[in-house]
Amino acid sequence: MIVRNVNDREVLETTYIAHGQAIAQMILDRRTLKEIGFLAIARLAPGRTLEEHVDPMEEIYFFLSGSGEMHVDDDVRQVNPGDAVWIPVGSRHAVVNNREADVVILVVASPLW
């Protein structure tokens, strides 16, 4: 069993800027996982945008806190805490934090091995 906390050294050492303006960290990734690509956490400050991008893998964004605008291809929806968004392989996607609190997102990715 592996238990990883977002405050563990192994997680904090992976901190990076994701797609322009989000602060992200890998909670679990290929160093540990066998079938799933990764589990990450991302924080997006008010007024910031997780820039539109395309990934070569299926993803799920799970919104833990904050609200924002989710874009997947030509679909745009307001998302709130507790919402899960499925992002198909090759889809353009972005998140806009259009509120006054941070948006915190768990990201699960499953690559095509």
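I will try to describe carefully the structure that is included in this document. A quick note: this is a predicted structure, and the numbers were derived from the prediction, not measured.

Bringing the overall build of the chain into the picture now. When you go through the chain residue by residue, the secondary structure sums to one helix and ten strands. Listed by position from the N terminus, the elements making up the chain come as α-β-β-β-β-β-β-β-β-β-β. Since a compact globule built from 113 residues should have a radius of gyration of about 13 Å, the 14 Å found for the chain is in line with a globular shape. Seen along its three principal axes, the alpha-carbon backbone of the chain occupies a region of about 35 × 30 × 25 Å. Every one of the 113 residues in the chain was classed for burial, and the buried ones make up 38%. Sequence-distant contacts, at least 24 apart, represent 57% of the contacts inside the chain between residues at least 6 apart. Surface accessibility of the chain: about 6,500 Å² in total, with carbon and sulfur atoms responsible for 54%.

What follows deals with the sheet that holds strand β5 (residues 57–65). Read from one edge of the open sheet, six strands run β1-β2-β3-β10-β5-β8, paired in antiparallel fashion. Edge positions in the open sheet fall to β1 (16–18) and β8 (84–87), since each of these has one partner strand only. Taking each pair of neighbouring strands and ignoring which way they run, the sheet shows an average axis angle of 30°. One ladder, built from eight bridges, connects β5 with strand β10 (residues 103–111); its direction is antiparallel. Paired with F62 across the bridge in β10 is L106.

Next up on the list: the pattern of salt bridges. All chains considered together, the criterion is met by seven salt bridges. R9 is the partner of E10 in a salt bridge, and the nearest nitrogen-oxygen pair spans 3.8 Å. The class for E10 is partly exposed, based on a relative accessible area of 28%. The partner of R92 in a salt bridge is D74, with the nearest N and O atoms 3.0 Å apart. A residue pair is termed long-range when its members are at least 10 positions apart, and R92 in strand β9 (residues 92–96) and D74 in the loop between β6 (68–72) and β7 (75–79) qualify at 18 residues. Salt bridges linked by common partners bring E52, D73, D74 and R92 together as one network.

What follows concerns a nonpolar patch on the surface. Taken together, the side chains of I36, I60, F62, L64, W86 and V108 define a hydrophobic patch exposed on the protein surface, amounting to about 520 Å² of accessible area. In terms of residues, the nonpolar patch owes the most to one element, β5, which gives three residues. Mapped onto the elements, I36 comes out in the loop between β2 (22–28) and β3 (38–44). For I36, a relative accessible area of 42% corresponds to the partly exposed category.

Reading guide: rules and limits
Residues numbered from 1 in each chain as written. Predicted model: local features only at pLDDT ≥ 70, side-chain atom pairs only at ≥ 80, totals over all residues. Heavy atoms only, no water. Helix = DSSP H or I, 4+ residues; strand = E, 2+ residues; numbered from the N terminus. Rg over C-alpha atoms; globule rule 2.2 N^0.38 Å. Buried < 20%, exposed > 50% of the residue type's maximum accessible area, 1.4 Å probe, protein only. Contact = heavy atoms within 4.5 Å. Areas by Shrake-Rupley, 256 points an atom, 1.4 Å probe, with all protein chains shown as cover. Pairing = 2+ DSSP bridges. Axes fitted to C-alpha atoms, helices over the stretch in contact; angles between N-to-C directions. Salt bridge = Lys/Arg side-chain N within 4 Å of Asp/Glu carboxyl O. Patch = residues over 30% accessible without salt bridge, like charges linked within 9 Å, V, L, I, M, F, W, Y side chains within 5 Å.

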